[in-house]
Number of protein chains: 2
Amino acid sequence: MNILVTLNSNYLKPLKVMLKSLFINNPKERFYIYMIHSDMKETELSDISMLVQKDGNKFYAIRVRNEYFKDSPLTMHYTKEMYYRLLAFKFLPKDVDKILYLDPDILVINSIKKLYDTDISEYLYAAAYHDIPTVKEINRLRLKPYEVERYYNSGVLLMNISLQRELVKEEEILNFVQNNKNKLILPDQDIINALYAKYIKQINGIIYNYDPRYYKYNKIISKGNIDMDYVINNTSIIHFCGKRKPWQKSYTGEFYSLYKHYEKVAES
Amino acid sequence: MNILVTLNSNYLKPLKVMLKSLFINNPKERFYIYMIHSDMKETELSDISMLVQKDGNKFYAIRVRNEYFKDSPLTMHYTKEMYYRLLAFKFLPKDVDKILYLDPDILVINSIKKLYDTDISEYLYAAAYHDIPTVKEINRLRLKPYEVERYYNSGVLLMNISLQRELVKEEEILNFVQNNKNKLILPDQDIINALYAKYIKQINGIIYNYDPRYYKYNKIISKGNIDMDYVINNTSIIHFCGKRKPWQKSYTGEFYSLYKHYEKVAES
């Protein structure tokens, strides 16, 4: 499986936790980890490379010049590296035609084989959206006049790289960023939703992009079905969305102990 | 290391989770698991035996006649098997001179080597007490006239079996139960505290008998030191005391996701 990560040094530790959880819970798979970055130090790269190779997988670092998107709106929590997933098709080796992008604020707790094998031959992406009414409505209004019926989360993004090479135009993305500078909150995610929503295949958000902030909400609207037992045994990807992260001291939440467990395992 | 478990069929699944967590987090140790029981079925015993042997450890089942303690006060949540730890010295093979008793409602998340190696040559037991003011006071008043300054928790009990064979009198225990029938809430624990408190070596409750119900309390009184990070990296034994258990659907609590994780691992 091809896995794409794009991040900066601040997320080095979470990235290692994410990767370790991926390997542990998909022991039969072989992974090719591609990291697109600009500023990672050699020691940091070799740190990750060692972790990846220890479990029998391969690591490729792809350095991108700083010029890309240098005028993009960078907000406090989002860095320029986040744009690289939009242009990954330009930077990845020619033989990569499909790749699964994963944010570093993720735990993979079960197999992702079914996700990876999802047929996206007629889509640019596969992604999940979080079906929380207020979130949907806010984003729909915010991104007008673009029609955003569902606001997909770009933290887990299965990408049809072959088709992106044909259809995605770098200029279109750059123009969009230029024209919407002041509107963009989650820049890369806004771009994917505004420009490419129609080419996104929907995947199950509870299974492949579970947002632990909505643990109680999901449990209630599912009449108790989507409880802790369900999540631990069925969810493949927990995505710690939002500003509060489980590697921060102040974090609270139902999956904090599980995250710290994987953090310990990744360090050992 | 010698490990003692004493339980009935209702706790079969939790027992497997406890043992699996013990093996995973103490990979360098060899364990001799002794189970004292009365009513376990052959299929249940072989189920546990397989789990134990899978990780290279040994399993010994010791069946005890039902006559023992048949007049003891059995409360809803506590079964006669709980008394067996008091008389384990009678049932264990002669060559066992030290053993660590572990309740089944436990997760072992780090090494227990230091605990096992604790010098108890001059004590009958080593145990922790939960330093929660109200709990201590209630138990002190309840067990009067017995002097109970600290109410030790018997869920994690390092036992000096050699010395118990010399000093502990079965009749004393039977008489105590007979005379205090109506007072006993946690029968075996009450007995140990009332009769043998002076012969208990104190161990660190945060490290070896962490009660997750007091997560917030411990975090506050430690000024934030005993937080999630501390527990995951330093605590060896989480003991899910009380009526609400993490294998029940209605459970909530900071360590629920971690418990369910180990439950999944134990089943796989």
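Everything that follows concerns the structure shown earlier in this document.
Below or above, wherever it landed, is the structure these notes cover. (Residues numbered from 1 in each chain as written. Chains lettered and ligands numbered in written order. Predicted model: local features only at pLDDT ≥ 70, side-chain atom pairs only at ≥ 80, totals over all residues. Heavy atoms only, no water.)

As for the relation of the copies chain B and chain A
Thinking step 1. Between chain B and chain A, the superposition needs a rotation of 180 degrees and an axial shift of 0.0 Å, giving an RMSD of 0.0 Å. Put plainly, the chains are arranged around a two-fold axis. Among all residues of chain B, the minimum C-alpha distance to the rotation axis is found for Leu 258 of chain B, at 2.3 Å. (Least-squares fit on C-alpha atoms with pLDDT ≥ 70 in both.)

Observations concerning the sheet that holds strand 2 (residues 32-37) of chain A
All names here are of chain A.
Thinking step 1. Strands sit in the order 3-2-1-4-7-6-8 across an open sheet of 7 strands; the sheet is mixed. What marks the edges here is a single partner per strand, and that holds for strand 3 (58-63) and strand 8 (200-202). If you compare each strand with its neighbour and ignore which way they point, the axes differ by 30 degrees on average.
Thinking step 2. Pairing geometry for strand 1 (residues 2-6) and strand 4 (residues 98-102), over 2 bridges, is parallel. In the sheet register, Ile 3 faces strand 4, and the bridge partner there is Leu 100.
Thinking step 3. Against the sheet, helix 2 (residues 42-54) engages strand 2 and strand 3, with an angle of about 155 degrees to strand 3.
Thinking step 4. Where helix 8 (residues 187-196) meets the sheet, it contacts strand 6 (125-129), strand 7 (152-160) and strand 8, and its direction lies at approximately 65 degrees from that of strand 7. (Pairing = 2+ DSSP bridges. Helix = DSSP H or I, 4+ residues; strand = E, 2+ residues; numbered from the N terminus. Axes fitted to C-alpha atoms, helices over the stretch in contact; angles between N-to-C directions. Contact = heavy atoms within 4.5 Å.)

Remarks on the interface of chain B and chain A
Thinking step 1. Every contact between the two is made by 20 residues of chain B and, on the other side, 20 residues of chain A.
Thinking step 2. Taking both sides of the interface into account, the surface hidden between chain B and chain A amounts to around 1,800 Å²; carbon and sulfur atoms contribute 49%.
Thinking step 3. Counting residues per element, the ones that place at least two in the side of chain B that touches chain A are helix 10 (215-221), helix 11 (228-234) and helix 12 (256-267) of chain B.
Thinking step 4. Element by element, the count of residues in the side of chain B that touches chain A is highest for helix 12 of chain B, at 8 residues.
Thinking step 5. Residues belonging to the side of chain B that touches chain A are distributed by class as follows: 8 nonpolar, 4 polar and 8 charged. (Buried area = accessible area lost by both parts, 1.4 Å probe. Nonpolar A, V, L, I, M, F, W, Y, C, P; charged D, E, K, R; others polar.)

Concerning the packing of aromatic side chains
Thinking step 1. Following the criterion strictly, the structure yields 26 aromatic pairs over all chains and no others.
Thinking step 2. Ring geometry for Tyr 84 of chain B and Phe 91 of chain B: centres 6.1 Å apart, planes at 85 degrees, overall edge-to-face.
Thinking step 3. For Tyr 84 of chain B, a relative accessible area of 0% gives the class buried.
Thinking step 4. A centroid spacing of 5.2 Å and a plane angle of 70 degrees characterise the contact between Tyr 251 of chain B and Tyr 256 of chain B, whose relative ring orientation is edge-to-face.
Thinking step 5. Residue Tyr 256 of chain B is classed as buried on the basis of its relative accessible area, which comes to 3%.
Thinking step 6. Through a chain of ring-to-ring contacts, the aromatic side chains of Tyr 11, Phe 240, Trp 247, Tyr 251, Tyr 256 and Tyr 259 of chain A assemble into a single cluster.
Thinking step 7. The ring of Tyr 116 of chain A carries Lys 98 of chain A above its face, with NZ or CZ at 5.3 Å from the centroid. (Phe/Tyr/Trp six-rings, centres within 6.5 Å; stacked < 30°, edge-to-face > 60°. Buried < 20%, exposed > 50% of the residue type's maximum accessible area, 1.4 Å probe, protein only. Lys NZ or Arg CZ within 6 Å of the ring centre and 35° of its normal.)

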